[in-house]
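Chain and residue survey
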Amino acid sequence: MQSINTHLKILIAILVSLGIAITAYQIYVMEIPLTEDETDDIWSLDAKLEFEATRGVPVKAQMFIPPLAQDYVSLNESFISNNYGVSINQQNGNRRVTWSARRSTGTQALYYRLVLTQRYSSEPPPASTPPLREPIVLEGAEQVAVNALINPIRQHSADIETFISEAISRVNDITDDNVKLLLGGDTSPIAKARVIDVLLAQARIPLELVHTVRLENLPNQEPELWLRSHNGENWLYFHPETGQQGIPDNRLVWWTGTQPLFDIDGGRRGQLTLTVTNSEMNALRLAEMTSNNASSQLLEYSLYGLPLHAQQVYRVMIMIPIGVLVILLLRNIIGIQTLGTFTPVLISLAFRETQVGWGIVLFTMITALGLSLRSYLEHLKLQMLPRLSIVLTFVVIIIAIISLFSHKLGIERALSVSLFPMVILTMTIERLSINWEERGGGHSFKVALGTLVAATLAHLLMTIPELAYFFFTFPATLLILVAFMLAMGRYRGYRLTELMRFKALTKQG
Amino acid sequence: MFFWNTWKTLKANGVMGINRRNADYVLKYNKRHLYPVVDDKILTKERAIAVGINVPKMYGVIETEKDIDRFDEIIKDYRDFVIKPAQGAGGDGIIVIADRFEGMFKSVSGKIITRDDIGHHISSILSGLYSLGGHRDRVLIEYRVTPDPLFKTISYEGVPDIRIILLMGYPVMGMLRLPTRQSGGKANLHQGAIGVGVDLATGLTLKGTWLNNKISKHPDTTNPVDGVQLPDWDGFMHLAASCYELSGLGYIGVDLVLDEEKGPLILELNARPGLNIQIANDAGLTQRCHMVERHLAALKKAGRTETVAERVAYSQRHFGPPASIKPKTDEESGTPA
């Protein structure tokens, strides 16, 4: 017996840990949402490029678009343009779209839209370390100014990181004559970035200009410039004006380098408006969309991989163990008496068709009518099989009459009773009536009530949508359920109703 | 906290609940494949006859609808008899014929039953109406037990019987079951019969239980149920204890009757005996069972087994007056397992 107990404990431990491990894997690694209503942010970036085409000249508009290998997953990308050919090419980690047309006139508008989400993104590939570079050769006064700036920076810095911060703060001090000279009167971030680049080049530190977009609900955004350098391990980001280190999470890299965002041949007065909007989407649908895109087999081996109609069936089926668990608890811990072990579960399944309220009313009504017929048949001394057939036919007739009446009365709900499993009802009537004869009316009433209570409880639990979603999405939790049932199999405590039954034994004498 | 206090008191008194009975005793000591022997009264009877245990005489068995015609032949020599489903539960489907009446039959209560009624009843038994699980059954026709007149004062109709619970052949608790008006002459507690505890050592009755309450008088005859000396008590004990060898089941309830002429007889065995016997005896089963289990463990260590007589003697020594159910030190019970 001891060895069986140990065996059982080990089995329970294995099942529980297996269930928890698989579910945790699904939640934390595969990032499957815990509830069906969980939503995720979706960002859509709209870029509208407007310009006036020059008459009689081929038009070629080029624009950088965000590279796809980032922390974000692209759900959808579209280029909308009348009469323009679209081609995308990659260069130095950037992506560039080229719109071209033989001829066009008047104001042109080209649209680009990208829809992104952060969930389900794979790890970005590790960036390769850019090679150390040669100093940019300068002449005359500029070289002197650079040297004058570089020396104190060297003295105040210890490594690449501090060197860059120091350089940024120096360049932003526009009262400094050396800085003034190098900037040449232009104090825009891009000019400052150019000067910083020159300074860092002297120290052979690689530097990249990174143009980013804020993922915030903002119309008319200007790309924000950041600088980044590589310290041999990862990218270090700096703001060119404030010297702030580290880029906020909501920035999306649009392109890198010194080139402007767009470039138009055969057109003038180019203007770009960038709008970012945020929307939410059901996390699970998102997962399905991204798995198509990102070729991840996220949901491939879950129940979601089944055809849709099969999924519907499994959504119901996977809840049956929950119903059975309810019956188990009610019978073995509370001690409620029910008609058979699984009849309540079958009845609770039948409640799916009718809704609980109607289900209870119909169940009671049909069972009561059936019982009275059954007690009449008892006088006729019929054999079991013919008697059962008569009761079943009678049940069908009652259901048909109820449907007909309720339809005439305009209650459509009761029509669904036609699918209320008749065999379950027939068996319920038969067993109840035998119970009645053997144990008396009081007992069979108690049993019928217990069955109804158990069925209602099981039904209510089985139809909680969150629970149904949870068990359908994380079927491994059923293993934990089995472990609990195993433990229940060796429960020897009293049933709550036994406390009443044996109350006499608590009194002395 | 009502629940918690009750729980603790019951536990302290060693009261056995259904879950414990099933997990620790029925499932542990009763091998499934042996169940048919106790579930089928005909098999039980055949086994008992084979080893020479006293049972009510079997007049005949009806197995098919066609056999119903043989009914008259089976009963031609008898004025009174009992018709039983072989696999019935809880005393259902049993007809007791006390006499014949102008080609018809008369039940104990004087109700007239026609030959057709009996034919129909036998047919329903065969179709499985009274059997566990509803499968086809056989009909047993046997000797009608006439209860000893001793029970007249504390019984209403029907046949009182004695239930003794055996653990590995050791009687652990006994109860006299008395039919009442409410139970319709049946000796089943959940149908309203009275259970009266019995002192295993002496065969003296104790107080009783009726519908989960403690009582001391029979509700129909208003005679006190305690202090009645059951005759031939040792005979009962030996007969019951020998049912372990007969069935091979470790935890059973043995139902015996006391016939006016034939003395103690085995009626049937039950592999899942009810728990209300504890209320009748005002004692818990768990403690007594643990005691027997410790005794068995000690015997196993010593490498010997006990005979029926030794087992009865052990039980009578330890499960006598209710005072002995309190935990006590006992050199024979060995060290706790």
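Higher on the page you've got the structure.
**Some thoughts on the overall build of chain B**
For chain B, the count of helices and strands is 11 helices and 13 strands. Burial status across chain B gives 46% buried among its 337 residues. If you take every contact in chain B between residues at least 6 apart in sequence, the share linking residues at least 24 apart comes to 62%.

**So, the overall build of chain A**
Summing up its helical and strand segments, chain A has 16 helices and 12 strands in all. Relative to its 509 residues, chain A shows a buried fraction of 28%. Within chain A, contacts between residues separated by at least 24 positions form 76% of all contacts whose residues are at least 6 apart in sequence.

**Re the sheet that holds strand E11 (residues 262-265) of chain A**
Residues and elements named next belong to chain A. A sheet is described by the order of its strands in space; here 4 strands give the open sequence E4-E5-E2-E11, paired in antiparallel fashion. Pairing within the sheet leaves two strands with one partner each, and these edge strands are strand E4 (85-91) and E11. Across this sheet, the average inter-strand angle for adjacent strands is 15°, counted without regard to direction. Bridge analysis of strand E2 (residues 59-65) against strand E5 (residues 94-101) gives 7 bridges, and the strand direction is antiparallel. If you follow Ala61 over to E5, its bridge partner there is Trp99.

**Section: the packing of helix H1 (residues 2-29) of chain A against helix H15 (residues 477-489) of chain A**
All names here are of chain A. H15 packs onto H1 with a crossing angle of 160° between their chain directions and a minimal axis gap of 7 Å. The orientation of H1 with respect to H15, classified from their angle, is roughly antiparallel. The handedness of the crossing between H1 and H15 is left-handed. Taken together, the residues of H15 that come into contact with H1 (itself represented by Leu8, Leu11, Ile12, Leu15, Val16, Leu18, Gly19, Ile20 and Thr23) are Thr477, Leu479, Ile480, Val482, Ala483, Leu486 and Ala487. Of the residues contributing to the contact of H1 with H15, the split by class is 13 nonpolar, 3 polar and no charged.

**Details of the sheet that holds strand E4 (residues 104-107) of chain B**
All names here are of chain B. Read from one edge of the open sheet, 6 strands run E1-E6-E2-E3-E4-E5, paired in antiparallel fashion. If you trace the sheet from one side to the other, it starts and ends with strand E1 (58-62) and strand E5 (112-113), each paired once. Along the sheet face, helix H6 (residues 115-126) touches E1, strand E2 (81-85), strand E3 (95-101), E4, E5 and strand E6 (139-142) and points at about 30° away from the line of E2.

**Thoughts on the interface of chain A and chain B**
With 22 residues of chain A at the interface, the matching set in chain B holds 28 residues. Of all elements in the fold, only helix H12 (422-439) and helix H16 (496-501) of chain A reach the threshold of two or more residues within the side of chain A that touches chain B. With 4 residues, the single largest contributor to the side of chain A that touches chain B is H16 of chain A.

**Overview of the pairing of strand E7 (residues 208-214) of chain A**
All names here are of chain A. Buried residues dominate E7, accounting for 5 of its 7 residues. Bridge count for E7 against strand E8 (residues 224-230) is 5 bridges, and the pairing is antiparallel. Residue pairing in the sheet places His211 in a bridge with Leu225 of E8. Judged from the 5 bridges that link them, E7 and strand E10 (residues 251-256) form a sheet pairing that is antiparallel.

**As for the nonpolar core**
Residues Leu166, Ala240, Leu256 and Ile266 of chain B are the most contacted members of the largest nonpolar core, which totals 71 residues. In this view, Ala240 of chain B contacts Ile164, Leu166, Pro171, Val254 and Leu256 of chain B; residues no more than four positions away in its chain are not counted. Membership of the second largest hydrophobic core comes to 55 residues, among which are Trp43, Ala47, Val253 and Ile264 of chain A.

**Section: helix H8 (residues 320-334) of chain A**
Residues and elements named next belong to chain A. Here H8 is 15 residues long and its end C-alpha atoms lie 20 Å apart, about the 21 Å a rise of 1.5 Å per residue gives. Residues of H8 that are buried: Ile322, Gly323, Val326, Ile327, Leu330 and Arg331. Looking at the buried residues of H8, the elements they touch are helix H9 (343-354), helix H13 (441-462) and helix H14 (465-473). Count one or two residues on from H8 and you reach Gly335, which has phi positive near 95°.

**Remarks on the packing of helix H7 (residues 233-241) of chain B against helix H11 (residues 308-318) of chain B**
Residues and elements named next belong to chain B. Relative to each other, H7 and H11 sit at 120°, their axes nearing to 9 Å. Comparing the axis directions of H7 and H11 gives the class oblique. The element H7 and its partner H11 pack so that their crossing is right-handed. For the pair H7 and H11, contact is made by Met237, His238 and Ala241 and by Val308, Ala309, Arg311 and Val312, respectively.

**Brief notes about H7 of chain B**
Along H7 of chain B, the residues classified as buried are Trp233, Phe236, Met237, Leu239, Ala240 and Ala241 of chain B. Against the buried residues of H7 of chain B lie strand E7 (161-167), strand E8 (170-178), helix H8 (243-247), strand E12 (251-259), strand E13 (263-270) and H11 of chain B.

What counts as what
Residues numbered from 1 in each chain as written. Chains lettered and ligands numbered in written order. Predicted model: local features only at pLDDT ≥ 70, side-chain atom pairs only at ≥ 80, totals over all residues. Helix = DSSP H or I, 4+ residues; strand = E, 2+ residues; numbered from the N terminus. Buried ≥ 20, exposed ≤ 12 C-beta atoms within 10 Å, placed from the backbone. Contact = placed C-beta atoms within 7 Å. Pairing = 2+ DSSP bridges. Axes fitted to C-alpha atoms, helices over the stretch in contact; angles between N-to-C directions. Parallel < 35°, antiparallel > 145°, perpendicular 65-115°, else oblique. Left-handed = near helix turned anticlockwise from the far one by under 90°. Nonpolar A, V, L, I, M, F, W, Y, C, P; charged D, E, K, R; others polar. Core = buried A, V, L, I, M, F, W, Y, C linked by C-beta atoms within 7 Å. Expected span 1.5 Å × (residues − 1).

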